Amino acid sequence: MAARCFAAATGRARRRACAILSLAAGIVLLPAAGGDAGDAGAPTTSLAKATGRTLELGSYLAGHHAFRTRDFGAAARYLSEAVAAEPGGRRLLLRALIAKLASGEAEAARALARRLLALEPDAPLALLSLAVGEFKAGRFEAARTRLATIGGRGPNAFTVPLLSAWAEAALGRYDAARAALPGTGDNAAFAPFRSLHGALMLDLAGRAKEAKELYLEAADQAGRPTVRLVQAIGSFYRRFGDAAEAERRYTAFVAGESRSPLIERALGDLRAGRPATPIVANGTEGAAEALLDGARMGLRARSIEMALVYGRLALELRPDFPSARVLVGQILESVGRDEEAVEVYGSVNRASPLSWSARLSRAAGLARLGRDEEAIELLRRMADERAARTDALSRLGDIFRNRKRFAEAVEAYDAAIARIGSVEQRHWRLLFSRGIALERSKNWPRAEKDFLAALELSPDEPYLLNYLGYSWVDQGIKLTDARRMIERAVELEPQSGAIVDSLGWALYRIGDYDGAVEQLERASELEPLDPTVNDHLGDAYWRVGRRNEAMFQWRRALNLDPELDQVPIIENKLARGLSDI
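Residues numbered from 1 in each chain as written. Predicted model: local features only at pLDDT ≥ 70, side-chain atom pairs only at ≥ 80, totals over all residues. Heavy atoms only, no water.

Draft legend 1. Broad picture of the overall build of the protein chain. Along the backbone of the protein chain there are 33 helices and zero strands. Scored against the burial criterion, the 581 residues of the protein chain give a buried share of 49%. For the protein chain, the accessible area works out to roughly 27700 Å², and carbon and sulfur atoms hold 50% of it. (Helix = DSSP H or I, 4+ residues; strand = E, 2+ residues; numbered from the N terminus. Buried < 20%, exposed > 50% of the residue type's maximum accessible area, 1.4 Å probe, protein only. Areas by Shrake-Rupley, 256 points an atom, 1.4 Å probe, with all protein chains shown as cover.)

Draft legend 2. Main features of the side chain of S355. With respect to the element layout, S355 can be found in helix 21 (residues 355-368). With residues near it in sequence (within four places) discarded, S355 still touches V348, N349 and R350. (Contact = heavy atoms within 4.5 Å.)

Draft legend 3. Quick look at the packing of aromatic side chains. Here the structure, examined in full by the defined rule, presents 14 aromatic pairs. Ring geometry for F236 against F240: centres 4.7 Å apart, planes inclined by 35 degrees, an arrangement best described as tilted. Given the relative accessible area of 45%, F240 is considered partly exposed. Joined through ring pairs, the aromatic side chains of W428, F432, W444, F451 and Y467 make up one cluster. Across the ring face of F67, the terminal group of R95 is positioned such that the distance to the ring centre comes to 4.2 Å. In this arrangement the basic side chain of R547 is found over the ring face of W542, its NZ or CZ atom lying 4.0 Å from the centre. (Phe/Tyr/Trp six-rings, centres within 6.5 Å; stacked < 30°, edge-to-face > 60°. Lys NZ or Arg CZ within 6 Å of the ring centre and 35° of its normal.)

Draft legend 4. Structural detail: the pattern of salt bridges. Applying the stated rule across the entire model yields 53 salt bridges. Here E385 makes a salt bridge to R350, at a shortest N to O gap of 3.4 Å. Here the residue E385 occupies a position in helix 22 (residues 372-385), and R350 occupies one in the loop between helix 20 (338-346) and helix 21, the gap between them amounting to 35 residues. Taking the relative accessible area as the measure of exposure, E385 reaches 39% and is therefore partly exposed. The exposed category is assigned to R350, whose relative accessible area is 55%. Residue R440 pairs with E563 through a salt bridge whose shortest N-O separation is 4.0 Å. Remark: E563 occurs in the loop between helix 32 (547-559) and helix 33 (567-576) and R440 occurs in helix 25 (residues 428-440); sequence separation between them is 123 residues. With a relative accessible area of 35%, R440 lands in the partly exposed category. Residue classification places E563 among the partly exposed residues on the basis of a relative accessible area of 37%. (Salt bridge = Lys/Arg side-chain N within 4 Å of Asp/Glu carboxyl O.)

Draft legend 5. Here's a closer look at the nonpolar core. L97, L128, F135, W166 and Y215 are the most contacted members of the largest nonpolar core, which totals 108 residues. Residue contributions to this core peak at ten residues, all from helix 18 (residues 304-317). Beyond its immediate chain neighbours, meaning those up to four positions away, F135 contacts F140, A143, L147, L163, W166, A167, G283, T284, A287 and L317. A367, F432, I486 and Y541 belong to the second-largest nonpolar core, a separate cluster that totals 66 residues. (Core = buried A, V, L, I, M, F, W, Y, C linked by side-chain atoms within 4.5 Å.)

Draft legend 6. Expanded view of the confidence of the model for the protein chain. For the protein chain, per-residue confidence averages 88 on the pLDDT scale, and 88% of positions sit at 70 or higher. The low-confidence segment residues 1-52, where pLDDT is below 50, has 45 contacts with residues more than four positions distant or belonging to other chains. (pLDDT = per-residue confidence, 0-100.)

Draft legend 7. Just the packing of helix 20 against helix 21, in detail. At a closest axis distance of 9 Å, the pairing of helix 20 and helix 21 adopts a crossing angle of 155 degrees. By the criterion of interaxial angle, the relationship of helix 20 to helix 21 is roughly antiparallel. Crossing angle aside, the handedness with which helix 20 passes helix 21 is left-handed. In contact with D338, V342, Y345 and G346 of helix 20, helix 21 contributes A358, S361, R362, G365, L366 and R368. Along the lines of polarity and charge, the residues of the contact of helix 20 with helix 21 split into four nonpolar, three polar and three charged. (Axes fitted to C-alpha atoms, helices over the stretch in contact; angles between N-to-C directions. Parallel < 35°, antiparallel > 145°, perpendicular 65-115°, else oblique. Left-handed = near helix turned anticlockwise from the far one by under 90°. Nonpolar A, V, L, I, M, F, W, Y, C, P; charged D, E, K, R; others polar.)

Draft legend 8. Molecular detail of helix 9 (residues 140-147). Within helix 9, the full set of buried residues consists of F140, A143 and L147. Taken down its axis, helix 9 places every buried residue within 55 degrees of arc, on the same side. Those residues of helix 9 that are buried are in contact with helix 8 (124-136), helix 10 (156-170) and helix 17 (283-300). (Arc of directions from axis to C-beta.)

Draft legend 9. Structural view of the environment of D293. Residue position: D293 is located in helix 17. Since its relative accessible area comes to 4%, D293 is described here as buried. As for D293 and F193, which are separated by 100 residues in sequence, their C-alpha atoms are 8.0 Å apart. Apart from the residues within four sequence positions on either side, D293 is in contact with F193 and H197.

Draft legend 10. Structural context of the side chain of R238. Secondary-structure assignment places R238 in helix 14 (residues 227-239). In this structure, R238 is buried with no salt-bridge partner, the nearest side chain bearing the opposite charge being D269 at 5.1 Å. Dropping the residues within four chain positions of it, R238 is found in contact with A246, Y250, A266, D269, L270, R274, P275 and A276. (Lys, Arg positive; Asp, Glu negative; His and termini not counted.)

Draft legend 11. Highlighting the packing of helix 25 against helix 27 (residues 462-475). One way to put it is that helix 25 packs onto helix 27 with a least axis distance of 11 Å and a crossing angle of 25 degrees. Between helix 25 and helix 27, the angle falls in the class roughly parallel. Crossing of helix 25 against helix 27: the hand is left-handed. Facing W428, F432, I436, E439 and R440 of helix 25, the residues of helix 27 in contact are Y463, L464 and Y467. Across the contact of helix 25 with helix 27, the residue classes break down as six nonpolar, no polar and two charged.

Draft legend 12. Layout of unusual backbone geometry. Located in the positive-phi region is R70, a residue other than glycine, with phi close to 65 degrees. Relative to the helices and strands, R70 resides in the loop between helix 4 (41-68) and helix 5 (72-85). Overall, the relative accessible area of 24% leaves R70 in the partly exposed class.

Draft legend 13. Layout of helix 27. Between its first and last C-alpha, helix 27 extends 20 Å over 14 residues, near the 20 Å set by a 1.5 Å rise per residue. Those residues of helix 27 not exposed but buried are P462, L464, L465, N466, L468, G469, S471, W472 and V473. Where the residues of helix 27 are buried, they touch helix 25, helix 26 (444-457), helix 28 (479-492) and helix 29 (497-509). (Expected span 1.5 Å × (residues − 1).)

Draft legend 14. The arrangement of the environment of A412 in detail. Looking at the secondary structure, you find A412 in helix 24 (residues 406-418). Considered as a pair, A412 and A392 are 20 residues apart in the sequence and their alpha carbons are 9.3 Å apart. Not counting residues within four places of it along the chain, the set of residues in contact with A412 comprises L393, L396, G397 and F400.

So this is what it looks like as structure tokens:
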């Protein structure tokens, strides 16, 4: 049975499920109840049935495992196979439906939705899936009818009424659309979204005065406006002859910390005299906007599956929606689905202002997947494409540094820093990164200069304080300053095992071995699998006379894959201990 199961398995999740099922092979291969042990046909029939049942269970278990690991593409395949073999089962149908929607297979999902509705006529997600299909087909009355039967719980409480309102708007019934807008209940965070969508509907209707009132109401309710709200208001002012007010709002936004390529593009278009367009051109695009807001709400509620479903449905209605593509990519990235995220980021339209950040994210995903040369080639092309930007070169340096190609990392960081006109506070991280690459390249004078320059720009960065302080301690120089800096880093990040380790090592280097043991024991509790922490604790134990414990810590450090140049040092300590001081 195990051989049959593995021969039929086509993916890692199913192979794992088959391994579990093979334990039960002695049971599933028994003849059917009432069969004659001497009947040659009975075992064969039972074997065929048992094999089919095993494969069905394999798909079921593989699908659930894939679902738990957020591999929704695999979950959709396996659960669909299980559904095909076992047509009933409301919960199985629902999970298969979620997997199909989350993996972007909306058309196939609608077939499952119809089957689920036959068992549960008010299944919310099935109704939503079909309503989106009606929107896509331009059947807005049918969409509104389906949406009217969905209960209002969770993300649906706001998003479903909003979709109903957009169905009314798509039918040209703008007063009915406004009346259908969802209430905010006890959640004040919904208020700016409600006002913004109302403004977008009135804007489409050509009712400029009412639209303006709602745009301004949304801005007041938001306090700190979102990118989408600033886009919408700026577009409105530009189209209705108040370019100065649009520019004021754009510049106020980009002058703050919330810089956005979308607003920067809008500002550039305004100054170049290019015409503005509404952010929503029709009812279907409005529904996609509502689904995107639902995805963001799902993320805030930490409902990853539903956030992804809403994001995918937004793309079903508006495939050329860069904001939705980027959000879907970010969701996939956040749950470790880098293959899918890389694909989604790569599909963002190059004409979109979001394309640049999507390509940077794609390069990072490629690097996480071990596809370094693809990431490096992409970042080099980007660096050549925009000679004034530093981010592609900085990311390139990060990849080289993470792969311990330190000389190449320094070269990339040098090129990035050469593009900076005047160094500002936000550049501290770039100097810090180059300093690390220089230090690992054994160029301490340049590295120290970068660390000090970065510290001058941002004096309370705990990991910067720690790195410079530890470097001094490790070299046995500037120990008083080093201790002060590391103590400050511990104040800022008291739960960082690496930083607490640095403090313990600083105390060790100045001869306070009892203090070193106290700090290094705490560091080992915070970072029990760090070879350096265990090695340091072994040294401190030796100095206070706890020799057996020291040997244990050194052996542990050696088993935790230390840096290659540390292996002979630790082995020597295990053989000879530490020399007397």
